[in-house]
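Listed below, chain by chain, are the residues.
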Amino acid sequence: PLVASVTSAESVATRSTPPAASHESQDAAALFSAAALARREGNAGKAVALLDSLQQRFPGSREARSSDMTLGSLHLQRGAAAAALEHFGRYLRAAPRGELASEALWGQAQALTALGRQSQAQERLRQLLERFPGSPYAAAARVKLELATP
């Protein structure tokens, strides 16, 4: 499921910018695109390095915000749940109602589960259902919560 959010994050971050967009935003978009290519080619390490660079160089950009979703997913896939949790949380702090907020809550639940923090993971799933009942992640969140209920 998080693969969909990564693709969504790439789509959100690479939408065409107005002609007056600064050179800086074009550079951020170029880094984001290069990271997406590296990820698609199976080079997660390079993708992480490019996205880390993007966040350092262009911290307020739309691409930096979207890259938190991609970084969260990549870290989760690589077994770095604490880093994933931080990136999903950063996205939610910057865009609590953003296009990818439901996916960020799902990602947090997955990371918390990987860290053995089940009660916090269940809380994120409840938040997801409360805030985004129509989300593509809602059905899976309901199932996880039902399975967790004794």
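Figured I'd write up the structure that's included with this text. It should be emphasised that the depicted structure is a prediction, and the values quoted were computed from it without experimental measurement. (Residues numbered from 1 in each chain as written. Predicted model: local features only at pLDDT ≥ 70, side-chain atom pairs only at ≥ 80, totals over all residues. Heavy atoms only, no water.)

## Here we look at the pattern of salt bridges
Definition in use: Between Lys or Arg on one side and Asp or Glu on the other, a salt bridge is scored when a side-chain nitrogen of the former is within 4 Å of a carboxyl oxygen of the latter. Helix and strand definitions here come from DSSP, where helices need a minimum of 4 consecutive H or I residues and strands a minimum of 2 consecutive E residues; each element is numbered from the N-terminal end. Classification of residues uses two cut-offs on accessible area relative to the type maximum, computed with a 1.4 Å probe and protein chains only: under 20% is buried, over 50% is exposed, and between them is partly exposed.
Counted under the stated rule, the structure contains four salt bridges. The partner of Asp68 in a salt bridge is Arg90, with the nearest N and O atoms 3.5 Å apart. Here the residue Asp68 occupies a position in helix α4 (residues 62-77), and Arg90 occupies one in helix α5 (residues 81-94), the gap between them amounting to 22 residues. Overall, the relative accessible area of 3% leaves Asp68 in the buried class. Among the salt bridges present, the one from Glu123 reaches Arg126, with a minimum N-O distance of 3.5 Å. On the criterion of helical spacing, the pair formed by Glu123 and Arg126 is a turn pair, its members being three residues apart in helix α7 (residues 118-131). Bridged by salt links that share partners, the residues Asp68, Glu86, Arg90 and Arg93 form one connected network.

## Here's the deal with the environment of Ser102
Applied cut-off: Residue contacts are defined here by distance: any two heavy atoms, one from each residue, within 4.5 Å place the two residues in contact.
In this structure, Ser102 sits in helix α6 (residues 101-114). A residue is classified by how much of its surface remains accessible, and Ser102, at 7% relative accessible area, is buried. In the structure, Ser102 is positioned 33 residues away from Ser135 in sequence and 6.6 Å away in space, judged by C-alpha atoms. Sequence-distant contacts of Ser102, that is, excluding residues within four places in its chain, are made with Leu128, Phe132, Ser135 and Tyr137.

## Structural notes on the packing of α4 against α5
Formally: Axis definition: a line fitted to C-alpha atoms, limited for helices to the stretch in contact. Angles are taken between N-to-C directions and run from 0 to 180 degrees. Every angle not falling under 35 degrees, over 145, or within 65 to 115 is termed oblique; those three ranges are roughly parallel, roughly antiparallel and roughly perpendicular. Helix crossings fall into two classes, left-handed where the near helix is turned counterclockwise from the far one by less than a right angle and right-handed where it is turned clockwise. Under this grouping Gly is polar, as are all residues other than the nonpolar Ala, Val, Leu, Ile, Met, Phe, Trp, Tyr, Cys and Pro and the charged Asp, Glu, Lys and Arg.
The interhelical angle for the contact between α4 and α5, taken along N-to-C directions, is 160°, at an axis separation of 8 Å. In this view, α4 runs roughly antiparallel relative to α5, as classed from their interaxial angle. α4 and α5 meet at a crossing whose hand is left-handed. Every residue of α5 that contacts α4 at Arg65, Asp68, Met69, Leu71, Gly72, Ser73, His75 and Leu76 is listed here: Ala81, Ala83, Ala84, His87, Phe88, Arg90, Tyr91 and Ala94. In terms of residue class, the contact of α4 with α5 is made up of nine nonpolar, four polar and three charged.

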